[in-house]
Amino acid sequence: MIIAIDGPSGAGKSTIAKAVARKLGFSCLDTGAMYRAVAWQALQNGVALDDEEALGTLARDYEIAFGHVEGEPVPRRVFIGGTEVTDDIRTLQIDQAVTPVSATPSVRTALVAQQQRIGHAGNYVVEGRDIGTVVFPDAEVKVFLTASDEERAHRRVRQNVDRGVGSVDYAEVLADLQRRDKADSTRATSPLKPAEDAVHIDSTGLYIEDVIDRICQLARQAQAAPKEA
């Protein structure tokens, strides 16, 4: 089974996806980390973020892998080309670099193929911006998770404070989220939008446990539903 969770930056997709995977005993595939890893590698290699051919080559040539702890469905470490980038890809610099990288068609083609191979091998919770529309259009559960701009910015600042990385300036974080929203929703390739059959969940003012329980309930309903002949 695939549970696809889409939504804008800062909506809590990663946190929710990891919690749902843990609760259901699924694996969690962090597609956003894959695009961030390519963005990091591009900066390391001095590749221009508007050089589509070079970015596509990076996405094809550098293997991205996740490190798991036995019995834990949530990956703890991220690698690209054998180099660990778990913390390096969670900085403001990568926040800004990942938007043009993720909008590059050749990068998306290379990474989507890898995501599909991984996902079809088992039960996965997958979060991103085009999971239910492009990567796994036949996912049994599709959720479009969002929250107000202000709520998302406050969450991101608190997250950055806790991690000790990224900007903690509210105005700066809010402006960056809004910039990414516009870029993600207007890009020509795989724009951010809900799948037609996605369940919309606005998490503004909700307890995280309520959102997790709602998605787990959708998964159990899908598991119990009779299969089409």
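In this text the structure is predicted, and so the values were computed from the model without any measurement.

Conventions adopted
- Residues numbered from 1 in each chain as written.
- Predicted model: local features only at pLDDT ≥ 70, side-chain atom pairs only at ≥ 80, totals over all residues.
- Heavy atoms only, no water.
- Helix = DSSP H or I, 4+ residues; strand = E, 2+ residues; numbered from the N terminus.
- Buried < 20%, exposed > 50% of the residue type's maximum accessible area, 1.4 Å probe, protein only.
- Areas by Shrake-Rupley, 256 points an atom, 1.4 Å probe, with all protein chains shown as cover.
- Lys, Arg positive; Asp, Glu negative; His and termini not counted.
- Charge placed at Lys NZ, Arg CZ, Asp CG, Glu CD.
- Expected span 1.5 Å × (residues − 1).
- Arc of directions from axis to C-beta.
- Contact = heavy atoms within 4.5 Å.
- Pairing = 2+ DSSP bridges.
- Core = buried A, V, L, I, M, F, W, Y, C linked by side-chain atoms within 4.5 Å.
- Axes fitted to C-alpha atoms, helices over the stretch in contact; angles between N-to-C directions.
- Parallel < 35°, antiparallel > 145°, perpendicular 65-115°, else oblique.
- Nonpolar A, V, L, I, M, F, W, Y, C, P; charged D, E, K, R; others polar.

Caption draft 1: Looking closely at the overall build of the protein chain. Check the secondary structure of the protein chain and you find nine helices and eight strands. Projected onto its principal axes, the C-alpha coordinates of the protein chain cover approximately 50 × 40 × 35 Å. Counting only residues that meet the buried cut, the protein chain has 50% of its 229 residues in that class. By element, 48% of the accessible surface of the protein chain is carried by carbon and sulfur atoms, the whole surface being about 10900 Å². Looking at charge distribution, the protein chain has the averaged site of its 26 positive side-chain charges lying 2 Å from that of its 34 negative ones.

Caption draft 2: Local environment of helix α9 (residues 208-224). The terminal C-alpha atoms of α9 lie 25 Å apart, and with 17 residues this matches the ideal 24 Å at 1.5 Å per residue to within 8%. Among the residues making up α9, those that are buried are V211, I212, I215, C216, L218, A219 and A222. With its buried residues spanning 155° around the axis, α9 presents them on a single face. Looking at the buried side of α9, the elements it contacts are β1 (2-6), α1 (13-24), β7 (141-146) and β8 (199-202).

Caption draft 3: Helix α7 (residues 149-163), seen in detail. With 15 residues, α7 should reach 21 Å at 1.5 Å per residue; the first-to-last C-alpha distance of 21 Å fits that figure. By the burial criterion, the buried members of α7 are R152, A153, R155, R156, V157 and N160. Contact partners of the buried residues in α7: α4 (92-102) and α8 (170-186). Following α7 by one or two positions, G164 has its phi on the positive side, about 75°.

Caption draft 4: Structural view of the sheet that holds strand β5 (residues 83-84). As summarised here, the arrangement of the three strands in space is β3-β4-β5, forming an open sheet in which the pairing is antiparallel. In this open sheet, the two strands that pair with only one neighbour each are β3 (64-67) and β5.

Caption draft 5: Geometry of the nonpolar core. Among the nonpolar cores identified, the biggest contains 35 residues, and V107 and L111 are the most heavily contacted of them. Of the residues forming this core, the biggest block, eight residues, is contributed by helix α2 (residues 31-45). Setting aside anything within four residues of it in sequence, one finds L111 in contact with M34, Y35, V38, A59 and I64. If you look at the next biggest cluster of nonpolar residues, it comprises 24 residues, including A19, V141, I201 and I212.

Caption draft 6: Spatial organisation of the side chain of D130. Relative to the assigned elements, D130 resides in the loop between β6 (124-128) and α6 (131-135). Residue D130 is classed as buried on the basis of its relative accessible area, which comes to 3%. With residues up to four places along the chain from it excluded, the contact list for D130 reads D6, R108, V135 and S190.

Caption draft 7: Molecular detail of the packing of α2 against α4. Packing of α2 against α4 leaves a shortest axis separation of 8 Å and a crossing angle of 100°. Accordingly, the angle class assigned to the pair α2 and α4 is roughly perpendicular. Residues Y35, R36, V38, A39, W40 and L43 of α2 pack against Q93, I94, D95, A97, V98, V101 and S102 of α4. The class makeup of the residues in the contact of α2 with α4 is nine nonpolar, two polar and two charged.

Caption draft 8: Representation of the sheet that holds β6 in the model. The strand order across the open sheet built from five strands is β2-β6-β1-β7-β8, with neighbouring strands paired in parallel fashion. At either end of the open sheet lies a strand with only one pairing partner, and these are β2 (27-30) and β8. Shown here is a sheet whose adjacent strand axes are inclined to one another by a mean of 20°, direction ignored.

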